Amino acid sequence: MRIAICDDYMEHARDIEEKITSVNEGILTDLYDDIEQLFVEVNADKKKYDAVFMDMEWENNTRSGVDYVQMLSDMDCRARIVCVTAYTCLLYTSDAADE
């Protein structure tokens, strides 16, 4: 399994990586603090990643993690997307939670 971890703060990405690999050391991870570099990788190979952990708040960008998730979907990225945040309160919820 190969996972991309995307966060504008590399220390947060490393923290997520540590938590993932503590559960399964066999998982391969690539860390990105530059969303454009992730897009280059996904455009080159739509199936490169089994999952992408995407930060929802990118401080110095005009777009949010939700925008980037949509862009990955538009690129036909085959990875499952896991939305992550350092916030302690819920930012987004799915209608599926009400069912």
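Going along each chain's sequence as written, the residues are numbered from 1 onward. Residue-level local features of this predicted model are given only where pLDDT is at least 70; pairs of side-chain atoms are given and counted only at 80 or more, and the full residue set underlies all totals for whole chains, interfaces and linings. To get the side-chain values, take all heavy atoms of the structure and skip hydrogens and water.

A. The arrangement of helix H2 (residues 35–44) in detail. Per-residue accessibility, obtained with a 1.4 Å probe over protein chains only, is compared with the maximum for each type, and a residue is labelled buried under 20%, exposed over 50%, and partly exposed between these values. The secondary structure listing takes helices from DSSP runs of H or I that are at least 4 residues long and strands from runs of E that are at least 2 residues long, numbered from the N terminus. Those residues of H2 that sit buried are Ile35, Leu38, Phe39 and Val42. The buried residues of H2 occupy an angular sector of 100° when projected down its axis, which confines them to one face. You can read the cap of H2 off the contacts: a side-chain oxygen lies 3.0 Å from the backbone nitrogen of Glu36, and it is on Asp34. What the arc describes is the spread of directions from the helix axis to the C-beta atoms. In protein, a polar contact means a hydrogen-donor-capable atom and an acceptor-capable atom, both N or O and within 3.5 Å, with residues adjacent in sequence counting only if both atoms are side-chain atoms; elsewhere, any N or O pair within 3.5 Å suffices.

B. A look at the pairing of strand E2 (residues 28–32). Strand pairing is assigned whenever DSSP detects at least two bridges linking the two strands. As paired elements, strand E1 (residues 2–6) and E2 share five bridges and run parallel to each other. By the bridge assignment, Ala4 is partnered in E2 with Asp30. Following the backbone out of E1, through helix H1 (residues 10–23) and into the adjacent parallel E2, one traces a crossover that is right-handed. Clockwise travel from the first strand over the helix to the second, with the strands pointing away from the viewer, marks a crossover as right-handed.

C. A look at the nonpolar core. Put simply, a nonpolar core is a bunch of buried Ala, Val, Leu, Ile, Met, Phe, Trp, Tyr and Cys residues held in one set by side-chain atoms that sit within 4.5 Å of each other. Counting residues in each nonpolar core, the largest one holds 17 residues, and the members touching the most others are Cys6, Leu38, Tyr49, Val52, Met54 and Leu72. Of all the elements in the fold, those that place two or more residues in this core are E1, H2, strand E3 (51–55) and helix H3 (65–74). The element that contributes the greatest number of residues to this core is H2, accounting for four residues. Contacts are residue-level and defined by heavy atoms, with any inter-residue pair within 4.5 Å sufficient. Setting aside residues up to four positions removed in sequence, Met54 forms contacts with Cys6, Ile35, Leu38, Gly65, Tyr68, Val69, Leu72, Ile81, Val82, Cys83 and Val84. Met10, Ile27, Phe53 and Val84 belong to the second largest nonpolar core, which has 10 residues in total.

D. Summary view of the sheet that holds E2. Here we have four strands laid out as an open sheet, ordered E2-E1-E3-E4, and parallel in their pairing. A strand with exactly one partner marks an edge of an open sheet, and here the two such strands are E2 and strand E4 (80–84). The sheet shows a mean angle of 20° between the axes of neighbouring strands, taken without regard to direction. In this structure, E1 lies alongside E3, joined through four bridges in parallel fashion. Residue Ala4 lies in a different strand from E3, and its bridge partner there is Val52. Here the axes come from fitting lines to C-alpha atoms, over the contacting stretch only for helices, and the angles between their N-to-C directions go from 0 to 180 degrees. Each of E3 and E4 is contacted by H3, which is oriented at about 150° to E3, the strand it contacts most.

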